[in-house]
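Tertiary structure, described
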Amino acid sequence: MNYQNILFAAAQGVARLTLNRPDKLNSFTGAMHGEVADALAKVQSDKSIRVLVINGAGRGFCAGQDLADPEMVMGDTAPDIGDVVEKYYKPLVLRLQNLRVPTVAMVNGVAAGAGASLALACDLAIAGKSASFLQAFSKIGLSPDTGATWFLPQRVGMARALGLAMLADKLPAEKAAEWGLIWQVVDDDALAATVDALAKQLAGMPTKALVRTRQAMHAAPNHTLEQQLSMEAGFMRELGWSHDYAEGVAAFMEKRPPHFTGD
Ligand code: T3D
């Protein structure tokens, strides 16, 4: 596929997906969704990729749905926004959650609407100090989507989640980190280097263990303690037979750094 709305490249185990509609703050069109889905399929099938970094071109991360996208513009009949969510945003979150590698959102500017949700759907979100998170939905008469109602209350608690979503105030990156919405905030000019170092670190880690960690953490709210303990045991059983576990233990015993392959 020839990408017009994103940039995608992979090298040394790190895949980088850049939302590339800077003039429109990288807001999502149907075409961009198709390209993102194609790039995520590449990540899923290319075993040399060990981590995915998502960022936005220009001054923003992503402003959510492009409100001028022909698919969304009101004609004689109102569009079915539920269909748009089912067709694009729900699969996007599920693809990210089921991705076989860890994911990092490099939030270089405003993340609004589904753009904020996209950052939250990644495993680790790192933002520059000038970035912000905006639950823009109520400003246009909608309720949050793309998993925002799932991720927000789990990370910041119900009081803050409801305040953010109902009032649609911009949450500055530093407060987002303070509240536990994102992993880290750094100076704007340190963002690229910080994310590069993190991506390199993740690309050298035991990939399957990281992904099982994500899955277990996200499954917990819907499980009883007993169900969660069983899930943990299942993952430990599987990982216990992995190359990376054998390597991790051998490296520990031999007092040397491990060489994880993701197998
Ligand atoms: O279809 C559905 O609705 C279902 C799916 C919903 C998921 C959603 O994401 S709903 C939420 C959609 N997003 C928004 O409502 C955010 C709208 N944007 C804003 O509120 C502001 O742009 C920001 C707060 C994000 C940034 O403000 P600011 O002042 O830094 O930038 P700006 O001047 O508003 O935007 C710069 C340009 O990007 C501008 O274009 P122009 O006038 O220079 O040609 C603006 O129109 C464009 N832009 C920003 N966001 C969007 C957008 N164009 C289309 N859609 C956008 N979402």
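Fair warning: this is a prediction, and the values are worked out from it, not measured in the lab.

So, about the nonpolar core. In terms of nonpolar packing, the biggest core is built from 49 residues, with L52 and F133 touching the most fellow members. The residues touching L52, leaving out its near neighbours within four places in the chain, are F8, A15, L17, L40, V43, L96, L99, V101, P102, T103 and V104. Within the second largest apolar cluster, 13 residues are counted, among which are V14, V53, L191 and L202.

Strand order in this open sheet of six strands is β1-β2-β3-β5-β7-β10, and the pairing throughout is mixed. Each of the sheet's edge strands pairs with one partner strand only, and the pair in question is β1 (6–11) and β10 (184–186). Strand after strand, the sheet turns through a mean of 20° between neighbouring axes, direction not considered. Alignment of strand β7 (residues 124–128) against β10, held across three bridges, turns out to be parallel.

Let us look at the packing of helix α3 (residues 114–121) against helix α4 (residues 148–156). The geometry of α3 relative to α4 is characterised by a closest axis approach of 9 Å and an angle of 60° between their N-to-C directions. The orientation of α3 relative to α4 falls into the category oblique. Viewed along their axes, α3 and α4 form a crossing whose handedness is left-handed. Mapping the contact onto sequence places S117, L120 and A121 in α3 and A148, F151, L152 and R155 in α4. Residue classes in the contact of α3 with α4 are distributed as five nonpolar, one polar and one charged.

A few words on the packing of aromatic side chains. By the definition in use, this model includes one aromatic pair. Taken together, a centroid distance of 5.9 Å and an interplanar angle of 80° make the contact between F28 and Y89 edge-to-face. With a gap of 61 residues between them, F28 in the loop between β2 (14–19) and α1 (30–45) and Y89 in helix α2 (residues 81–97) connect regions that are remote in the sequence. Take F28 and Y89: they sit in the same class, and that class is buried.

With that out of the way, let us pick up the domain arrangement of the chain. The domain boundaries assigned to the chain delineate domain 1 (6–203) and domain 2 (207–253). Just the C-alpha atoms count here: the centres of domain 1 and domain 2 sit 26 Å apart. Taken residue by residue, the interface counts 14 residues in domain 1 and seven residues in domain 2. Taken together, the two surfaces of domain 1 and domain 2 that pack against each other cover about 900 Å², and 46% of this comes from carbon and sulfur. The tally of links from domain 1 across to domain 2 stands at one salt bridge. Across the pair R214 and D123 runs a salt bridge whose closest N-O atoms are separated by 2.8 Å. One can count five residue pairs in polar contact (both at pLDDT 80 or more) joining domain 1 with domain 2. When residues of the side of domain 1 that touches domain 2 are traced back to their parent elements, those giving at least two are α2 and α4.

Calculation notes
Residues numbered from 1 in each chain as written. Predicted model: local features only at pLDDT ≥ 70, side-chain atom pairs only at ≥ 80, totals over all residues. Heavy atoms only, no water. Core = buried A, V, L, I, M, F, W, Y, C linked by side-chain atoms within 4.5 Å. Buried < 20%, exposed > 50% of the residue type's maximum accessible area, 1.4 Å probe, protein only. Contact = heavy atoms within 4.5 Å. Pairing = 2+ DSSP bridges. Helix = DSSP H or I, 4+ residues; strand = E, 2+ residues; numbered from the N terminus. Axes fitted to C-alpha atoms, helices over the stretch in contact; angles between N-to-C directions. Parallel < 35°, antiparallel > 145°, perpendicular 65-115°, else oblique. Left-handed = near helix turned anticlockwise from the far one by under 90°. Nonpolar A, V, L, I, M, F, W, Y, C, P; charged D, E, K, R; others polar. Phe/Tyr/Trp six-rings, centres within 6.5 Å; stacked < 30°, edge-to-face > 60°. Domains from an automatic or database assignment. Buried area = accessible area lost by both parts, 1.4 Å probe. Salt bridge = Lys/Arg side-chain N within 4 Å of Asp/Glu carboxyl O. Polar contact = N/O pair within 3.5 Å; in protein donor to acceptor, adjacent residues only side chain to side chain.

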